[in-house]
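Each chain, written out:
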Amino acid sequence: MKDGTVARRALFALLVAWGLGYIGWFAYLLRHSEDFIAAQRRNAVCSAGPRAVGDTMHFSADRVDPDMLAAGWSRPENWGVWSGAREALLVLPAPRGDRATAAPTLTMDLVAPTNVLFPLATVDVTVDGRLLAHWELREGVNKESSHSLSIPPELAQDRACIEFRLAFTHAFRPIQSDLGNDARLLGIGLKGARWGEGTVAIADDADQPGNRVVRMIAGSDGTPANFEILGSAPA
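What you are looking at is a predicted structure, and each value in this text was computed from that prediction instead of being measured.

1. Describing the sheet that holds strand E2 (residues 69–71)
In a beta sheet, neighbouring strands pair by backbone hydrogen bonds and run either parallel or antiparallel. Ordered in space as E2-E4-E9-E6-E7, the five strands form an open sheet in which the pairing is antiparallel. Looking at which strands have only one partner, the edges of the open sheet turn out to be E2 and strand E7 (130–138). For this sheet, the mean angle separating the axes of adjacent strands, direction not counted, is 25°. Strand direction decides the pairing type here: strand E4 (residues 87–93) and strand E9 (residues 161–167), joined by seven bridges, are antiparallel. Pairing of Leu-90 across the sheet is with Phe-164, part of E9.

2. Side note on the pairing of strand E10 (residues 189–196)
Across the eight residues that make up E10, a large majority, six, are buried. Of the pairings in the sheet, the one linking strand E1 (residues 57–58) to E10 comprises two bridges and is antiparallel in character. Each residue of the ladder has a partner; that of His-58, found in E10, is Gly-192. Where strand E3 (residues 81–82) meets E10, two bridges bridge the pair, whose relative direction is antiparallel. Following the sheet pairing, Val-81 is matched in E10 by Leu-190. Bridging between strand E5 (residues 105–111) and E10 involves seven bridges; their strand directions are antiparallel. Bridging from a neighbouring strand, Leu-110 pairs with Leu-190 of E10.

3. Brief notes about the side chain of Thr-107
Here Thr-107 is to be found in strand E5. Judged by its relative accessible area of 2%, Thr-107 is buried. Polar side-chain contacts of Thr-107 include one of 2.6 Å to the side chain of Ser-148.

4. Things to note about the state of the cysteines
Working definition: the covalent bond between the sulfur atoms of two cysteines is a disulfide. A complete count under the given rule lists one disulfide for this structure. At a sulfur-sulfur separation of 1.8 Å, the disulfide partner of Cys-46 is Cys-161. Highlighted residues: Cys-46 in helix H1 (residues 2–47) and Cys-161 in strand E9, separated in sequence by 115 residues. You can call Cys-46 partly exposed: its relative accessible area is 25%. Note on Cys-161: relative accessible area 9%, which makes it buried.

5. Here we look at the confidence of the model for the protein chain
In this model, the protein chain carries a mean pLDDT of 78, and residues with pLDDT of at least 70 account for 71%. pLDDT under 50 marks residues 200–235. Its contacts with residues more than four places away, or in other chains, come to 77 contacts.

6. Examining the pattern of salt bridges
Side chains that differ in charge, positive against negative, can pair when their charged atoms come close. Overall, the coordinates contain 10 salt bridges when judged by the stated rule. For Glu-87, the salt bridge goes to Arg-165, with nearest N and O atoms at 3.0 Å. Here the residue Glu-87 occupies a position in strand E4, and Arg-165 occupies one in strand E9, the gap between them amounting to 78 residues. Arg-165 sits in the partly exposed class, given a relative accessible area of 35%. Residue Glu-154 pairs with Arg-130 through a salt bridge whose shortest N-O separation is 2.7 Å. Placement of the pair is Glu-154 in helix H3 (residues 153–156) and Arg-130 in strand E7, with a sequence separation of 24 residues. Three or more residues joined by partner-sharing salt bridges are found here, namely Glu-77, Asp-182 and Arg-184.

7. Comments concerning the environment of Met-68
Tracing the backbone through its elements, the reader meets Met-68 in the loop between E1 and E2. Residue Met-68 is classed as buried on the basis of its relative accessible area of 3%. A C-alpha to C-alpha distance of 5.9 Å links Met-68 and Leu-92, two positions 24 residues apart in sequence. The residues touching Met-68, leaving out its near neighbours within four places in the chain, are Val-45, Arg-51, Met-57, Phe-59, Leu-89, Leu-90, Val-91, Leu-92 and Pro-93.

8. What to know about the nonpolar core
Residues Phe-59, Leu-90, Leu-92 and Phe-164 are the most contacted members of the largest nonpolar core, which totals 43 residues. By residue number, the principal contributor to this core is E4, which donates five residues. Excluding anything up to four places from it in sequence, Leu-92 contacts Val-45, Met-57, Phe-59, Met-68, Leu-106, Cys-161, Ile-162, Phe-164, Ala-193 and Trp-195.

Basis of the calculations
- Residues numbered from 1 in each chain as written.
- Predicted model: local features only at pLDDT ≥ 70, side-chain atom pairs only at ≥ 80, totals over all residues.
- Heavy atoms only, no water.
- Pairing = 2+ DSSP bridges.
- Helix = DSSP H or I, 4+ residues; strand = E, 2+ residues; numbered from the N terminus.
- Axes fitted to C-alpha atoms, helices over the stretch in contact; angles between N-to-C directions.
- Buried < 20%, exposed > 50% of the residue type's maximum accessible area, 1.4 Å probe, protein only.
- Polar contact = N/O pair within 3.5 Å; in protein donor to acceptor, adjacent residues only side chain to side chain.
- Disulfide = S-S within 2.5 Å.
- pLDDT = per-residue confidence, 0-100.
- Contact = heavy atoms within 4.5 Å.
- Salt bridge = Lys/Arg side-chain N within 4 Å of Asp/Glu carboxyl O.
- Core = buried A, V, L, I, M, F, W, Y, C linked by side-chain atoms within 4.5 Å.

Here it is in structure tokens:
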């Protein structure tokens, strides 16, 4: 009888240890699965080869390369894709050409989920932990708009692809504000992106032929945070 009790207790302890180990392993996999998937997608994009300057990369359901949407995105729709988390990873193949890779610019076509209750959408774009842009899209002004950023040469050269981390401080769930049944955490909508080449020139000093002429918009800390494209300097 005593031996049976000892055996049952040992078996119970073994089962508890096995269960805790299983829970720990499952938690580990859950925590690292997104990183693993993002790494797999990043490798796929890097292996696909560079993209031509001016060639728009679309994010609608019928045209998107899903590997570019590495993490933090909802399912693509017929117009583009909504972000679905506080942060999203976007992996793009590097631009083709020596001039482009020396100092590329990237333009994103965005849709702001703004409305009367949430009139502001913000996007912080970083590469390797370095903030490259802070964009503010306001209701009735930037509902659909294009925004550009300039990438420093040291972050662009000798790369097969570039990973952008987009952070959204004004993301919201429409269902929680009686704005419909959408339970997704909406931060920004992405329709397309394309590389540009050449030196970024400010509108007040844009006399070099071929330069992209932009208006610089300063961020909250006074540093350049956004570029509004005005055109190109005449040849």
